[in-house]
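One-letter residues, chain by chain:
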Amino acid sequence: MSLTPLALRNVLRTPASLRPLLLQSPRACYHSYEHTQPPPYRDADAAILSSALTYVPAQGFTQEALTLGAKDAGYLDISTNLFPKGAFELVKYHLVTQRLGLKDRIQFPDEKMGVGRKVRSLVLERLRANADTGVVNRWQEALALMSLAENIPTSLRELSALSDEIWFLAGDVSVDTSWYTKRASLSGIYAATEIYQTTDQSTDFKDTEQFLDRRLEELRVMGGAVGNTLEWVGFQGGALVNLMRSKGVRI
Amino acid sequence: MAFLLPRTTALPSLPLKARLTPLAFQLQTRTRNANSNAHRTLISSAASPATEPEPESLHTPQPTRRQPLSAAQKLYLDKALRVNQAGELAATLIYTAQTPPLTKAHPHLRPLMQHMYDQEAGHFKTFNALLAKHRIRPTAMYPLWQAAATVLGWTTGAMGREAAMACTEAVETEIGEHYNGQVRELLAWMADMERKGEEVGEELRLLVGEMRRIRDEELEHLDHAVQNDAKAANPYELLTGVIRTGCRGAIWVSEKV
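Residues numbered from 1 in each chain as written. Chains lettered and ligands numbered in written order. Predicted model: local features only at pLDDT ≥ 70, side-chain atom pairs only at ≥ 80, totals over all residues. Heavy atoms only, no water.

As annotated in an unreviewed UniProt entry, chain B carries the name 5-demethoxyubiquinone hydroxylase, mitochondrial and is attributed to Oleoguttula mirabilis. Looking at the Subcellular location (unreviewed entry) heading of the UniProt record, one finds this comment for chain B: "Mitochondrion inner membrane". UniProt annotates chain B under Sequence similarities (unreviewed entry) with the comment "Belongs to the COQ7 family." (UniProt positions renumbered as here; feature names shortened; annotations may be inferred.)

What follows is the structure in structure tokens.
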């Protein structure tokens, strides 16, 4: 749905709290295979934000980058009023487009690769995307914007959406409690690795790769320890019940 | 001098300043109406499956849908499948916990319990696959339901054959009504799509087919339980009342959380 000048005026005249109602996007809960998801941004917004991203290496995640992007895309300076949160909307655009583009950047033809190895590849690919789009040098600004109080809910939502996307693309099919623990732990690991990447000066981000490997190893060891302990407790409980049954207790 | 007399009618309460533009006012009323309509989706239905509508598209392979499902429909499917998976988890754990004490006291029940468990395990596998495929999150109360179902199965198994069968009867009655409601809702969608001339799509058609099969098997378990003297359980009303209320509460919580 392209934005005519009249529709843009209607959007700008609606109070900011009601603008989401004009742009009803369904919450991504039930993923249908018969239909592709509608694009997350309308054409005009996407045009402004994508051209603004090209100015980020020079200007950083700032209102200036948005203004230059709007002018570049052929809109007036005032069009940046479409983005009431200013530079944070630019950060969010980068996060959303990189998350949705992850499945196109990497495919797994080799079926023998385990889920853990695929998760590692996906995380590295997503981090490489930060470098490829040129925002990695300015990412500390983005992290600062994401940590502002009014932006924290959106940032956390994006992080958990990315974690869910990575596990889905890695072929994880577990739908028990581990669904939550896997996503929570991967969110933590990804956030830590992304922060580390902003300080990484090595060639090809080799230090970041090793950082990620250490975190994944810790996760594997911790998860294994917890799982083994629970299994031991289960065996002890089962043995106690069987012992009592063998003594004739009717349970 | 009329303003000195006491008022007999209430003053109309107008806002001092109209803060909303006409468009904004329309949007607000539209969402308010949409929110009040949202409560009308079917959660459970005690009506017999024989009176269900049978749209033609249920039995003919469908071309791909051109229209995406609405946000409300996706939300309904999300909640419904989450609750169904939680229900099947509970069922498998109840049978796993009931079987040892029950078959020790009544060895002739072993084939029946095995058959019912196998069917529930199949349902559980089906819903696990559906949740993973459609990226629906499982209920966060998963470990709590694991514990509750194990305790329920264990206590009713220890209480005796009639109590175990009464537990099965209560759970299957609730689950059966719940599946009935869901099947009716989905069939209503299909009838609506046929009326509008939209394609129903293979995804929805196969989903409805699967749910009807599972619903039929659950009602078959209900019949088995009643045949095996479920109604002869000693605190029958109390037991089935408590279990049915617990099931309804669990369904309500799993939809939200």
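> Describe in detail the overall build of chain A, supporting the description with residues and values.
Helix and strand counts for chain A stand at eleven helices and zero strands. Ordering the α and β elements of chain A from the N terminus gives α-α-α-α-α-α-α-α-α-α-α. For chain A, buried positions account for 38% of its 251 residues. Partitioning the contacts of chain A with sequence separation of at least 6, the portion at a separation of at least 24 is 65%. Carbon and sulfur atoms provide 59% of the accessible area of chain A, an area that totals close to 14000 Å². (Helix = DSSP H or I, 4+ residues; strand = E, 2+ residues; numbered from the N terminus. Buried < 20%, exposed > 50% of the residue type's maximum accessible area, 1.4 Å probe, protein only. Contact = heavy atoms within 4.5 Å. Areas by Shrake-Rupley, 256 points an atom, 1.4 Å probe, with all protein chains shown as cover.)

> I'd like a description of the overall build of chain B, backed by residues and values.
A tally of helices and strands in chain B yields seven helices and zero strands. For chain B, the residues scored as buried account for 46% of the 257 residues in total. Here the analysis covers contacts within chain B between residues at least 6 apart in sequence; of these, 88% occur between residues at least 24 apart. Total accessible area computed for chain B in this model is approximately 13600 Å², and 61% of it derives from carbon and sulfur atoms.

> Kindly report on unusual backbone geometry, identifying the contributing residues and their values.
For residues other than glycine, phi is negative in most cases, and the peptide bonds are mostly trans. Residues and elements named next belong to chain A. Positive phi outside glycine occurs at Asp204, with the angle close to 60°. Examined against the element boundaries, Asp204 turns out to sit in the loop between helix H10 (178–198) and helix H11 (206–246). Taking the relative accessible area as the measure of exposure, Asp204 reaches 65% and is therefore exposed. Positioned with a positive phi, Phe205 is a non-glycine residue whose angle comes to about 55°. Tracing the backbone shows Phe205 in the loop between H10 and H11. Residue class for Phe205 comes out partly exposed when judged on its relative accessible area of 21%.

> Could you give me a rundown of the UniProt feature "binding site: Fe cation 1" (unreviewed entry) in chain B, with the residues and numbers involved?
All names here are of chain B. Taking the numbering used here, the UniProt-annotated feature "binding site: Fe cation 1" (unreviewed entry) corresponds to Glu88, Glu120, His123 and Glu218. Over a stretch of 131 residues, the named residues converge on one spot in the fold, their C-alpha atoms separated by at most 10.2 Å. Note that Glu88 resides in helix H2 (residues 71–105). Classification of Glu88 as buried rests on a relative accessible area of 1%. Sequence-distant contacts of Glu88, that is, excluding residues within four places in its chain, are made with Glu120, His123, Phe124, Phe127, Tyr179, Ile214 and Glu218. As for its position among the elements, Glu120 is in helix H3 (residues 110–133). If we ignore the near neighbours within four places in the chain, the residues touching Glu120 are Glu88, Ala91, Thr92, Tyr95, Glu172, Glu218 and His221.

> Which residues make up the side chain of Ser187(A), and what are the values?
All names here are of chain A. Mapped onto the secondary structure, Ser187 falls in helix H10. With relative accessibility at 10%, the residue Ser187 sits in the buried group. Excluding residues within four positions of it along the chain, Ser187 makes contact with Leu159, Ser160 and Ser163.

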